[in-house]
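Summary of structural features
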Amino acid sequence: MVLRRSSAAQSANRIIVGDCLAALKKLPDASVDLVFADPPYNLQLASDLMRPNNTRVDGVDDDWDKFASFADYDKFSRSWLTECRRILKPDGAIWVIGSYHNIFRLGVTLQDLGFWIQNDVIWRKVNPMPNFRGKRFTNAHETLIWAARDQRARATFNYESLKALNDDLQMRSDWLFPICSGPERLKDEGGRKAHPTQKPEALLQRVLLASSKPGDIVLDPFFGTGTTGAVAKQLGRRFIGIERDPDYARAAEERIARVQPLSLSALETVRSKRSEPRVPFGTIIEMRLLHPGTELLDSRKRIRAEVKADGTLSYGGNQGSIHRLGAIVQGKSACNGWTYWHFEADGKLKPIDILREEAKRQLGLSGAPAVIAAE
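Residues numbered from 1 in each chain as written. Predicted model: local features only at pLDDT ≥ 70, side-chain atom pairs only at ≥ 80, totals over all residues. Heavy atoms only, no water.

In terms of regular secondary structure, the protein is built from twelve helices and 14 strands. The 375 residues of the protein split such that 44% are buried. About 20,000 Å² of surface is accessible on the protein, with carbon and sulfur atoms providing 49% of the total. (Helix = DSSP H or I, 4+ residues; strand = E, 2+ residues; numbered from the N terminus. Buried < 20%, exposed > 50% of the residue type's maximum accessible area, 1.4 Å probe, protein only. Areas by Shrake-Rupley, 256 points an atom, 1.4 Å probe, with all protein chains shown as cover.)

Below is the structure:
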């Protein structure tokens with residue numbers, strides 16, 4: 001499947017066989033939501049790597065990983081990263097993965113080109129390859145850099161989904177996954193690894209769940225055997241893969257054809273509070289879900305504040321918004337008033353946040369069920 005000239009959307013779910021720079025130049029400006037790039041490592045191997053029993057390690061010694069100098073590698077990196085930044089949408093982002101051989105050079109280039117680094121993430125390998133010569137630490141991790149297109153970009157981050165994935169704890173920047181092995185590892189006709197650096201699908205699943213949405217276009221300029229495309233298809237994302245090796249591209253195409261996309265219901269994720277329609281507390285008063293003069297209480301009924309007609313609260317000589325007064329009475333710098341303040345209904349204390357959900361329902365902004373308004 002060779003791309004001639006078309007938009008990114010028209011080219012989605014395609015593998016472009018050819019040089020990545022030439023293919024990138026054919027894609028239009030601001031047409032891709034996310035880039036995942038696993039570029040050459042530039043390992044600079046001077047000879048074969050041997051095990052203690054004198055057998056050869058099946059490592060990365062392909063021509064695509066060989067560069068004459070650091071300067072040549074940096075020039076190549078700047079070229080493809082420049083094109084990736086051009087084709088990213090204004091709120092787009094990029095993930096770049098590498099080892100100690102190249103990730104620091106890539107980080108400098110990213111910053112020089114105007115990308116805005118969001119995080120570096122450590123992929124700690126459960127089963128890394130040992131250091132056979134015993135002259136260095138076992139290299140047990142790779143580093144990913146997640147960067148927005150620029151400082152102003154509002155890159156997608158599905159915080160709540162990642163927190164839910166991690167048993168309701170904030171997802172950390174150190175990720176533990178095994179290297180790609182077992183049935184997931186593609187083999188050639190001789191039973192050897194089809195690609196020396198095939199990434200595990202679990203790693204790509206976390207990347208795409210964290211930083212993209214269903215329907216987004218994900219570009220991988222070093223597609224290899226298609227891990228990015230396989231995961232993107234399963235998760236309802238569209239993909240564009242660029243791969244110069246026809247054998248890798250053929251293996252990727254066959255692999256992705258076997259993938260079954262998840263159902264729309266299975267793709268539903270936790271909705272971010274920040275993405276929901278905003279309903280000010282004053283709207284609760286205007287809609288008569290609460291009346292001026294009503295008392296709001298903390299969960300222990302120690303604080304009783306009065307609701308004012310303008311949507312403020314007063315207590316102990318202080319008056320302010322639900323957030324500001326909540327912070328004052330607790331002696332804190334900030335407070336989420338929606339969860340701190342409660343009203344009484346049916347003899348029970350209920351957080352005012354459920355009144356916000358009722359307001360959204362009445363305004364046609366939510367399918368939330370009705371609740372009992374405070375008297």
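A separate point is the side chain of Ser-211. Along the chain, Ser-211 turns up in helix H6 (residues 201-211). Of the polar contacts made by the side chain of Ser-211, one reaches the backbone oxygen of Val-207; its length is 2.7 Å. Ser-211 has contacts with Leu-34, Trp-95, Trp-146, Thr-156 and Asn-158, leaving out every residue within four places of it along the chain. (Polar contact = N/O pair within 3.5 Å; in protein donor to acceptor, adjacent residues only side chain to side chain. Contact = heavy atoms within 4.5 Å.)

Within the secondary structure layout, Ile-322 lies in helix H10 (residues 322-330). For Ile-322 and Leu-296, which are 26 residues apart along the polypeptide, the C-alpha to C-alpha distance reads 9.7 Å. Those residues in contact with Ile-322 that sit more than four places away from it in its chain are Phe-281, Leu-313, Gly-337, Trp-338, Trp-341 and Ile-352.

This part covers the packing of helix H3 (residues 70-87) against helix H4 (residues 103-112). At their nearest, the axes of H3 and H4 sit 10 Å apart, and the two run at 45° to each other. Put simply, H3 runs oblique to H4. Between H3 and H4 the crossing geometry is right-handed. Residue-level inspection shows Phe-70, Tyr-73, Asp-74, Ser-77, Arg-78, Trp-80 and Leu-81 of H3 in contact with H4, the latter providing Arg-105, Leu-106, Thr-109, Leu-110 and Asp-112. For the contact of H3 with H4, the class distribution of residues is six nonpolar, two polar and four charged. (Axes fitted to C-alpha atoms, helices over the stretch in contact; angles between N-to-C directions. Parallel < 35°, antiparallel > 145°, perpendicular 65-115°, else oblique. Left-handed = near helix turned anticlockwise from the far one by under 90°. Nonpolar A, V, L, I, M, F, W, Y, C, P; charged D, E, K, R; others polar.)

Phe-36, Trp-95, Leu-144, Trp-175, Leu-203, Val-207 and Leu-208 are the most contacted members of the largest nonpolar core, which totals 32 residues. The set of elements that each furnish at least two residues to this core consists of strand S2 (32-37), strand S3 (88-98), strand S4 (116-125), strand S5 (141-148), strand S6 (174-177), H6, helix H7 (227-234) and helix H8 (246-257). Of all the elements, H6 adds the most residues to this core, at five residues. Other than its neighbours up to four places away in sequence, Val-207 contacts Phe-36, Trp-95, Leu-144 and Trp-175. Listed in part, the 30 residues of the second largest apolar core include Cys-20, Val-96, Leu-219 and Ile-240. (Core = buried A, V, L, I, M, F, W, Y, C linked by side-chain atoms within 4.5 Å.)

The topology assignment puts Ser-161 in helix H5 (residues 159-165). Classification of Ser-161 by relative accessible area gives buried; the value is 14%. When residues no more than four places from it in sequence are discounted, the contact partners of Ser-161 are Thr-269 and Val-270.

On to the pattern of salt bridges, then. This model, assessed by the stated rule, comprises 22 salt bridges. One salt bridge connects Arg-149 with Asp-150, and the closest N-O pair in it is separated by 3.3 Å. For the salt bridge of Lys-308 with Glu-306, the shortest nitrogen-to-oxygen distance reads 2.9 Å. For Lys-308, a relative accessible area of 25% corresponds to the partly exposed category. Put simply, Lys-25, Asp-29, Glu-83 and Arg-86 are held in one network by salt bridges that share partners. (Salt bridge = Lys/Arg side-chain N within 4 Å of Asp/Glu carboxyl O.)

So, about the state of the cysteines. Here, the word disulfide means a covalent bond between the sulfur atoms of two cysteines. A complete count under the given rule lists zero disulfides for this structure. A disulfide-free cysteine, Cys-84 has its sulfur positioned 7.7 Å from the sulfur of Cys-20, the nearest such atom. (Disulfide = S-S within 2.5 Å.)

Of the strand pairs in this sheet, strand S9 (residues 295-297) and strand S10 (residues 304-307) are connected by three bridges, and their pairing is antiparallel. From the neighbouring strand, Glu-295 faces S10, where its bridge partner is Glu-306. Hairpin connection, S9 to S10: the antiparallel pair is bridged by six residues, and Lys-301 has positive phi, about 60°. Sheet analysis places S10 next to strand S11 (residues 313-315), joined by two bridges and oriented antiparallel. Its bridge partner being in S11, Val-307 is matched across the sheet by Leu-313. Linking two consecutive strands that pair antiparallel, namely S10 and S11, is a turn of five residues; a positive phi of about 90° is found at Gly-311 within it. (Pairing = 2+ DSSP bridges.)

In short, geometric facts, not functional conclusions.
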